[in-house]
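# Examination of the molecular architecture
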Amino acid sequence: MTMPTQRLNRADLSKRLVAKLKHDEAVVAGIGNTNWDLYGAGHRPQNFYMLGSMGLACPIAMGVALAQPERGVIALEGDGSILMSLGCLATIGKVAPRNLTIVIWDNGIYQITGKQATATAGTTDIVAVAKGAGIANSHWVRDEDHFEKLMDRRFDEGGPMLLAVKIDDKPGPVQTPRDPSLIRIRFMQGLGTSRGGALDA
Ligand SMILES: Cc1ncc(C[n+]2csc(CCOP(=O)(O)OP(=O)(O)O)c2C)c(N)n1
């Protein structure tokens, strides 16, 4: 499928995504705008907000998907961040967790550090990369309705799915509180894996 020319809005699609969640799905968001817009769409205990390091939303989400195969898991990641860890797509293609959905927000820039152009602004097609890595169910999102329809998938339709979305350069309007311990504890509680102690390991 060819890359779409229409640019969608990350905050709007993040809200649409959260509104569709019905089964305590885990949502793991990469750093910066990606998790700010998830937080802005409404905090849930099953949300994990990565801080500091690029490229870790998909590896973390893959781990959650393998640990809890009956839970839907969604990874949200920026184009700059996924470009930093393309190897994880090959691992996900190989391991093929059927409950994992990946959304790549492709604005073609490292927005938060000053809008430097990424490779996806020129030569790199993330959907082609994902298919080549073995994630056959990879698609460019055409518009909002297409996004919602694709997000309706069920696990028994097969392995992981990757959606790439060409987005505009509107920054996230709110920032996620920078409290890593709190984020971790809330997420563990949200997934039912913590007794809820203040700093239990
Ligand atoms: C490993 C690593 N390298 C560099 C940085 C500095 N940095 C923080 S955000 C960012 C750009 C992120 O780009 P992208 O994932 O496309 O998200 P956007 O800012 O466009 O929403 C960079 C380079 C970092 N946080 N971690």
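Below or above, wherever it landed, is the structure these notes cover. Everything quoted here is computed from the prediction, not taken from an experiment.

What counts and how
- Residues numbered from 1 in each chain as written.
- Predicted model: local features only at pLDDT ≥ 70, side-chain atom pairs only at ≥ 80, totals over all residues.
- Heavy atoms only, no water.
- Near = heavy atom within 4 Å.
- Polar contact = N/O pair within 3.5 Å; in protein donor to acceptor, adjacent residues only side chain to side chain.
- Areas by Shrake-Rupley, 256 points an atom, 1.4 Å probe, with all protein chains shown as cover.
- Core = buried A, V, L, I, M, F, W, Y, C linked by side-chain atoms within 4.5 Å.
- Buried < 20%, exposed > 50% of the residue type's maximum accessible area, 1.4 Å probe, protein only.
- Helix = DSSP H or I, 4+ residues; strand = E, 2+ residues; numbered from the N terminus.
- Contact = heavy atoms within 4.5 Å.
- Arc of directions from axis to C-beta.
- Phe/Tyr/Trp six-rings, centres within 6.5 Å; stacked < 30°, edge-to-face > 60°.
- Pairing = 2+ DSSP bridges.
- Axes fitted to C-alpha atoms, helices over the stretch in contact; angles between N-to-C directions.

## Brief notes about the site of the ligand
For the ligand, the set of nearby residues contains 17 residues, the closest of which are G52, G80, S81, N107 and I109. N33 has a polar side-chain atom sitting 3.0 Å from an oxygen atom of the ligand. With respect to the ligand, the side chain of N107 contributes an N or O atom lying 2.9 Å from an oxygen atom. When the free accessible area of the ligand is taken as 590 Å², the share hidden by the protein chains comes to 75%.

## Some details on the nonpolar core
Counting residues in each nonpolar core, the largest one holds 52 residues, and the members touching the most others are L17, L76, I102, V103, F147 and L162. For this core, the element with the most residues is helix α3 (residues 57-67), which contributes six residues. If we skip the residues at most four places from it in the chain, F147 touches L13, L17, V103, W105, V141 and L163.

## Regarding α3
Buried within α3 we find A57, C58, A61, M62, V64 and A65. Seen from one end, α3 has its buried residues packed into an arc of 165°, which puts them on one side. Where α3 is buried, its residues contact β1 (26-29), β3 (73-78), α4 (79-84), α5 (87-95), β4 (100-106) and α8 (180-190).

## Looking at the packing of aromatic side chains
Scanning all chains against the criterion turns up three aromatic pairs. Ring geometry for Y39 and Y49: centres 5.7 Å apart, planes at 80°, overall edge-to-face. Taken as a pair, Y39 in helix α2 (residues 33-40) and Y49 in strand β2 (residues 47-49) lie far apart in primary sequence, ten residues in all. Residue Y39 is classed as partly exposed on the basis of its relative accessible area, which comes to 26%. Looking at Y49, the relative accessible area reads 3%, which means it is buried. Relative to F187, the ring of F48 lies with its centre 5.2 Å away and its plane at 50°, an arrangement referred to as tilted. Here F48 is found in strand β2, whereas its partner F187 is found in helix α8, with 139 residues between them in sequence. In this structure F48 comes out as buried when scored by relative accessible area, which is 15%. We classify F187 as buried; its relative accessible area is 8%.

## Describing the sheet that holds β3
Across the sheet, which stays open at both edges, the six strands sit in the order β2-β1-β3-β4-β8-β7 with parallel pairing between neighbours. One side of each edge strand has no neighbouring strand; the edge strands of this open sheet are β2 and β7 (137-140). Each adjacent strand pair in this sheet contributes to an overall mean axis angle of 15°, direction not counted. Relative to the sheet, helix α1 (residues 10-20) contacts β1, β3, β4 and β8 (161-166), its axis offset from that of β4 by approximately 165°. Set on the sheet, α8 makes contact with β1 and β2; between it and β2 the angle comes to about 160°.

## Some details on the environment of M84
By secondary structure assignment, the location of M84 is in helix α4. Considered as a pair, M84 and G172 are 88 residues apart in the sequence and their alpha carbons are 21 Å apart.

## Thoughts on α5
Buried within α5 we find C88, L89, I92 and G93. For α5, the angular spread of the buried residues around the axis is 140°, confining them to a single face. Where α5 is buried, its residues meet α3, α4, β4, α6 (126-132) and β8. The first or second residue beyond α5 is A96, which carries a positive phi of 55°.

## What about unusual backbone geometry?
What is expected of a backbone is that most residues other than glycine have negative phi and most peptide bonds are trans. Positive phi is not limited to glycine here, since D24 has a value of about 50°. Take D24: it is sitting in the loop between α1 and β1. A residue is classified by how much of its surface remains accessible, and D24, at 46% relative accessible area, is partly exposed.

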